[in-house]
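The lines below spell out each chain.
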Amino acid sequence: MSHDPHHPPPQDSQPGADDAPWSLWKLGLLLYPFVFLVVWINLFMLALIGTFVGLRSLTTAESLLVSIIVALPACWLSARWVRRLLDRAAED
């Protein structure tokens, strides 16, 4: 059987984000609402605790706006963590 240069033969690959049914960006989209709410609540509570040391408290709206941005890297880290757990479960 001859080799077609336009269609390379399939290569064995390790399970990961490329061939997984749940890619990192899909997991991120799924997890973002939950991560956002967790970041929002924790940021608001942290600001309330900060009043004991003389810092200004954040309003809920200010916490919400900051959380939109802070939730992005937190969501990416959460998606990576879940992706690793799914990969580990697939190995077993």
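To be clear, the structure that these remarks concern was listed above.
All values derive from a computational prediction rather than experimental measurement.

(A) Quick look at the overall build of the protein chain. The helix and strand tally for the protein chain stands at two helices and zero strands. Taking all 92 residues of the protein chain together, the buried fraction comes to 21%. Of the contacts formed within the protein chain by residues at least 6 apart in sequence, a portion of 68% connects residues at least 24 apart. As presented, the protein chain carries roughly 7400 Å² of accessible surface, and 70% of it is formed by carbon and sulfur atoms.

(B) A look at the nonpolar core. Counting eight residues, the largest nonpolar core consists of Leu27, Leu31, Val35, Phe36, Val39, Ala71, Cys75 and Ala79. Elements represented by at least two residues in this core include exactly α1 (24-50) and α2 (60-91). At five residues, α1 tops the list of elements feeding residues into this core. When residues no more than four places from it in sequence are discounted, the contact partners of valine 39 are Ser67, Val70, Ala71 and Ala74.

(C) Here's a closer look at the side chain of serine 67. Its location among the elements puts serine 67 in helix α2. Excluding residues within four positions of it along the chain, serine 67 makes contact with Phe36, Val39, Trp40 and Leu43.

(D) Summary view of the packing of α1 against α2. Across the interface, α1 lies against α2 with an axial gap of 5 Å and an inter-helix angle of 135 degrees. One finds that α1 runs oblique with respect to α2. Between α1 and α2 the crossing geometry is right-handed. In the contact of α1 with α2, the residues fall into 22 nonpolar, five polar and two charged.

(E) Representation of the pattern of salt bridges in the model. One pass over the structure, following the stated rule, counts two salt bridges. The partner of arginine 56 in a salt bridge is glutamate 62, with the nearest N and O atoms 3.3 Å apart. In this structure glutamate 62 comes out as partly exposed when scored by relative accessible area, which is 28%. Of the charged contacts, one joins aspartate 87 and arginine 83 as a salt bridge, the two residues approaching to 2.8 Å between their closest N and O atoms. Of the two residues, aspartate 87 and arginine 83 both sit in helix α2, four residues apart, roughly one turn of that helix. Judged by relative accessible area, aspartate 87 falls into the buried class, the value being 14%. For arginine 83, a relative accessible area of 9% puts it in the buried group.

Thresholds applied
Residues numbered from 1 in each chain as written. Predicted model: local features only at pLDDT ≥ 70, side-chain atom pairs only at ≥ 80, totals over all residues. Heavy atoms only, no water. Helix = DSSP H or I, 4+ residues; strand = E, 2+ residues; numbered from the N terminus. Buried < 20%, exposed > 50% of the residue type's maximum accessible area, 1.4 Å probe, protein only. Contact = heavy atoms within 4.5 Å. Areas by Shrake-Rupley, 256 points an atom, 1.4 Å probe, with all protein chains shown as cover. Core = buried A, V, L, I, M, F, W, Y, C linked by side-chain atoms within 4.5 Å. Axes fitted to C-alpha atoms, helices over the stretch in contact; angles between N-to-C directions. Parallel < 35°, antiparallel > 145°, perpendicular 65-115°, else oblique. Left-handed = near helix turned anticlockwise from the far one by under 90°. Nonpolar A, V, L, I, M, F, W, Y, C, P; charged D, E, K, R; others polar. Salt bridge = Lys/Arg side-chain N within 4 Å of Asp/Glu carboxyl O.

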